[in-house]
Amino acid sequence: MEKAMVGTINQRAVSGTKAKRNRKALWCWLFVAPNLIFYLLFQGWPIVINWYYSMLDWSGISSNATFVKLDNYTRLIADPYFWKAYRNSFIFMLQAVPPLLVLSLVLAATLNNPLLRFAKLYRTLFFIPVIATTSIVGMIMIFIWGADGPLNYALSKLNLPGGGINWLSDGRTAMYAVIVTYIWKNLGMNMIYWLAGLQSIPRELYEAARSDGAGHFRTFYHITLPLIMPIALVILLLNTAGALKVFDLIKTMTDGGPFFATDVVSTYIYRYAFSSEMGVPSMGYASAAGIFFAFTIVILAVLQGLIRKAVLRTWGGDNS
Amino acid sequence: MSRIGAISVHIVLILIGFVWIYPFLCMLSASFKDTEEFFAGSLSLIPAHFNLANFTRAWYAGNFNQYFLNTFIVTATVIIIVLAITATCGYALGRYAFPGRRWLLLVFGLSIFVPLEFSVIPIFQLIKSLGLLDSRLGIILAEAGGGHVLFVLLFASFFRQVPKELEEASIIDGCGFFRTFIRVILPLSKPIIGSVTIMQFIWTWNSFLLPLVLTLSNPALRTLAVGMYALRGENIIDWTGLAAGGTIALAPIILLFLFLQRYFVDGMAGSIKG
């Protein structure tokens, strides 16, 4: 992204005197400064100070803090509830992302057909959950998945199993309910991503394939798939990171319950940093958990970058 | 596509589409029902009569008037701040070669690796040490924080394409750097302003974690997203009242999206291509 900007920048022939040039540079810095300050204060500074916080025994409320070196990390690694949350984060991501990507690609490929009528209307319909406030969606979903909710009503009317289950209060089903809701909410977003990828494929390629006698499936496999591979990897990365960071939906639907069945790292951190249910908050400890998990995400991102390079080499994509 | 094939595709899409918006229809109809009708087990989406008692209850007793006002003020201010700082930043970066520019691009580029979500504790402490913990300004600053790299890129690539003659003419007319930007260049970027406005609107309106932790000690400053969550915890669940509150909170954002979706979808599609 940033490379492209450097490459295509309009390198203006610098005219005028040195004083004029300096004044222009000053203006440029003035124009950049406000955004830079917001960036450094709210994105840069947190990263730096988080390392320090993570080595404090500190409630976060008072200024009483003792430097405890790596004690928070040793406590963290020894806490089975942390590992439970850590595992849940990955279970959530691994079960939500693949169906989300596949379903949204099928939907996008269907809606990308120029002969399909009302495609725009459908697109709007599927996009509405994306823009809806997650905490309000969480409230609606408690009702939908409830013991007397519409889902169970429909299941019993259709004589399907599962009619009497209280989905969100049952440790065996709560995670699935949250995952299905997450897929429902984010399908439209991914549909738009895929559509952007699909629409960048020249129509002539499809016409050529058709005149060569290739069917729908073979066209998809031999033309569409290789050409959207570069964008597919970006979509995969966005979704992996997004699913690992899920907070709003779980906080409002189950609050990590029942009995930590849906507790993920973000709700774990929240509980230690801000919730009164643990007694006095321990922000130092929570920071350590945050850093530990952020590190995991960065490692995954790097791994995905390497995989991306390997995949692009085999599929012959031309994007860098 | 054969006719039968097309019809079956539409049937499947309509069925799935109905599932996709059913939760919202369900909420909308519940917000007009009285408690008896709601619990009678009738899942009809059309209420027996449209009574507005739930809305008045949510609006006054449920404090949604306060939450709505808070959300509106926070969202509007954040949009103005973000527009101002990203348009200027995008203009300088996209239009001019100046000392330090490469360095700036690198620093902004790094933000892709920075998970903003795990910054909540430092941001909370930062707002606290600025003495803004129990103020609306604190929420506004926290919500406007970050590098906004997507928006800066949108503005930068747009400004790069503006013909140089426009600026030169304006300079000949005696306008300085700032006036040239405000009067000549900025008005051209209406499509980008539209995209940034609606995206930031949706993000701020829906934001949950930051306003949640920043209003823990002052419920009067809660936004709609937080108010809804808190309300559920406080009382015996008043489903129809909550549904009305949810309708109040979601109506502006869904309506705005329906009218301006082109800007939003273009912006999001642009983010993935970048």
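Here the residue numbering is sequential within each chain, running from 1 through the sequence in written order. Written order determines the labels here, with chains lettered from A and ligands numbered from 1. Local features in a predicted model are, by the rule used here, given only for residues with pLDDT of at least 70; side-chain atom pairs are given and counted only at 80 or more, and totals for whole chains, interfaces and linings are based on all residues. Heavy atoms from the whole structure form the basis of all side-chain values; hydrogens and water molecules are not counted.

## Regarding the overall build of chain A
Piece 1. Helix numbers and strand numbers start at the N terminus; a helix is a DSSP run of H or I with at least 4 residues, a strand a run of E with at least 2. Tallying secondary structure elements over chain A gives 13 helices and 2 strands in all.
Piece 2. With C-alpha atoms as the basis for the radius of gyration, the globule rule is written as 2.2 Å multiplied by the number of residues raised to the power 0.38. Rg of the C-alpha trace for chain A: 25 Å, well past the compact-globule value of 20 Å for 320 residues, more than 25% over.
Piece 3. Expressed along its principal axes, the backbone C-alpha trace of chain A runs to roughly 80 × 70 × 35 Å.
Piece 4. Across the 320 residues that make up chain A, the buried fraction comes to 52%.
Piece 5. A separation of at least 24 residues holds for 67% of the contacts in chain A among residues at least 6 apart in sequence.
Piece 6. Here, Shrake-Rupley sampling with a 1.4 Å probe gives the accessible areas, and only protein chains in the shown set may cover a residue. Only carbon and sulfur atoms are counted for the fraction: they give 65% of the accessible area of chain A, which is about 16000 Å².
Piece 7. On chain A, the mean spot of the 26 positive side-chain charges and the mean spot of the 14 negative ones are 12 Å from each other. Throughout this description, buried means an accessible area under 20% of the type-specific maximum (1.4 Å probe, protein chains only), exposed means over 50%, and partly exposed covers the range between. Residues are treated as being in contact if the distance between any of their heavy atoms lies within 4.5 Å. For this count, His and the chain ends are skipped, Lys and Arg are scored as positive, and Asp and Glu as negative. By convention, the point assigned to a charge is CZ for Arg, NZ for Lys, CD for Glu and CG for Asp.

## Regarding the packing of aromatic side chains
Piece 1. When two rings of Phe, Tyr or Trp (its six-membered ring) have centres within 6.5 Å they constitute a pair, described as stacked for plane angles under 30 degrees, edge-to-face for angles over 60, and tilted for the intermediate range. Inspection of the entire model under this criterion finds 54 aromatic pairs over all chains.
Piece 2. In this structure, Arg75 of chain A is placed above the aromatic ring of Tyr285 of chain A, and the distance from its NZ or CZ to the ring centre is 4.1 Å. Only when the NZ of Lys or the CZ of Arg is both within 6 Å of the ring centre and within 35 degrees of the ring normal is a charge said to sit over the ring.

## Remarks on the environment of Ser207 of chain B
All names here are of chain B.
Piece 1. By the secondary structure assignment, Ser207 is in the loop between helix 11 (190-206) and helix 12 (209-214).
Piece 2. Given the relative accessible area of 15%, Ser207 is considered buried.
Piece 3. When the C-alpha atoms of Ser207 and Thr75 are compared, they prove to be 9.7 Å apart, with 132 residues separating the residues in sequence.
Piece 4. With sequence-adjacent residues up to four places away left out, Ser207 is seen in contact with Glu143, Thr223 and Ala225.

## Notes on the interface of chain B and chain A
Piece 1. With 105 residues of chain B at the contact, the number on the chain A side is 92 residues.
Piece 2. Both sides of the chain B and chain A interface together cover about 9200 Å² of buried area, and 78% of this is carbon and sulfur.
Piece 3. Salt-bridge detection follows one rule: a side-chain nitrogen of Lys or Arg within 4 Å of a carboxyl oxygen of Asp or Glu. Our count for the chain B to chain A interface comes out at 0 salt bridges.
Piece 4. Within 3.5 Å is the distance limit for a polar contact, defined as a pair of N or O atoms, with the added protein rule that one can donate a hydrogen and the other accept it, and that residues adjacent in sequence qualify only through two side-chain atoms. On the surface where chain B and chain A come into contact, there are 15 residue pairs in polar contact (both at pLDDT 80 or more).
Piece 5. If one sorts the elements of the side of chain B that touches chain A by residue count, helix 14 (residues 239-273) of chain B sits on top with 17 residues.
Piece 6. Note on residue categories: nonpolar means Ala, Val, Leu, Ile, Met, Phe, Trp, Tyr, Cys or Pro, charged means Asp, Glu, Lys or Arg, and polar means any other residue, Gly included. For the side of chain B that touches chain A, the residue count by class is 76 nonpolar, 19 polar and 10 charged. Each of two parts loses accessible area, computed with a 1.4 Å probe, when they are put together; buried area is these two losses added.

## A closer look at helix 3 (residues 53-61) of chain B
Residues and elements named next belong to chain B.
Piece 1. Within helix 3, the full set of buried residues consists of Asn54, Phe55 and Ala58. On an axial view of helix 3, the arc spanned by its buried residues comes to 100 degrees, and they lie on one face. Every exposed residue of helix 3 that faces more than 90 degrees away from the buried side is listed here: Tyr60 and Ala61.
Piece 2. Asn63 sits one or two residues past helix 3 and shows a positive phi near 65 degrees. Each direction from the helix axis to a C-beta atom contributes to the arc, which is the arc of those directions.

## Concerning the UniProt feature "transmembrane region" (unreviewed entry) in chain B
Piece 1. UniProt positions are given in the numbering used here, feature names are shortened, and annotations may be inferred rather than shown by experiment. UniProt records the feature "transmembrane region" (unreviewed entry) at residues 6-26, 38-60, 72-93, 105-127, 139-159, 180-202 and 242-264 of chain B, using the numbering of this structure.
Piece 2. Its end C-alpha atoms 31 Å apart, residues 72-93 of chain B is made of 100% helix and 0% strand.

## Description of the confidence of the model for chain A
Residues and elements named next belong to chain A.
Piece 1. Model confidence for chain A is summarised by a mean pLDDT of 85, while 92% of its residues fall at 70 or above.
Piece 2. Mean pLDDT in chain A bottoms out at helix 1 (residues 2-8), which sits at 42, and peaks at helix 4 (residues 80-111), which reaches 95.
Piece 3. For every residue, the predictor states its confidence as a pLDDT score lying anywhere from 0 to 100. In the predicted structure, residues 1-15 sits below a pLDDT of 50 and forms 28 contacts with residues beyond four places in sequence or in another chain.

## Description of the packing of helix 2 (residues 18-53) of chain A against helix 5 (residues 101-109) of chain B
Piece 1. Helix axes use the C-alpha atoms of the stretch in contact, all axes being lines fitted to C-alpha atoms, and the angles between their N-to-C directions lie in the range 0 to 180 degrees. Where helix 2 of chain A contacts helix 5 of chain B, the axes come no closer than 12 Å and their chain directions differ by 25 degrees. Here helix 2 of chain A is positioned roughly parallel relative to helix 5 of chain B, judged by the angle of their axes. In this structure, helix 2 of chain A crosses over helix 5 of chain B, and the sense of that crossing is left-handed. Seen from helix 2 of chain A, the contacting residues are Trp29, Val32, Asn35, Leu36 and Tyr39 of chain A; seen from helix 5 of chain B, they are Trp103, Leu104, Val107 and Phe108 of chain B.
Piece 2. The residue makeup of the contact of helix 2 of chain A with helix 5 of chain B, split by class, is 8 nonpolar, 1 polar and no charged. By the definition adopted for this analysis, an angle is roughly parallel if under 35 degrees, roughly antiparallel if over 145, roughly perpendicular if from 65 to 115, and oblique otherwise. By definition, turning the near helix anticlockwise from the far helix through less than a right angle yields a left-handed crossing, and turning it clockwise yields a right-handed one.

## Looking at the pattern of salt bridges
Piece 1. Across all of its chains, the model carries 5 salt bridges over all chains by this definition.
Piece 2. One salt bridge connects Arg172 of chain A with Asp170 of chain A, and the closest N-O pair in it is separated by 2.8 Å.
Piece 3. The partner of Arg95 of chain B in a salt bridge is Glu167 of chain B, and the shortest N-O contact between them spans 2.9 Å. Taken together, the residues span a long stretch of sequence, with Arg95 of chain B in helix 4 (residues 64-95) and Glu167 of chain B in helix 9 (residues 164-172) at a distance of 72 residues. For the pair Arg95 of chain B and Glu167 of chain B, one class covers both residues: buried.

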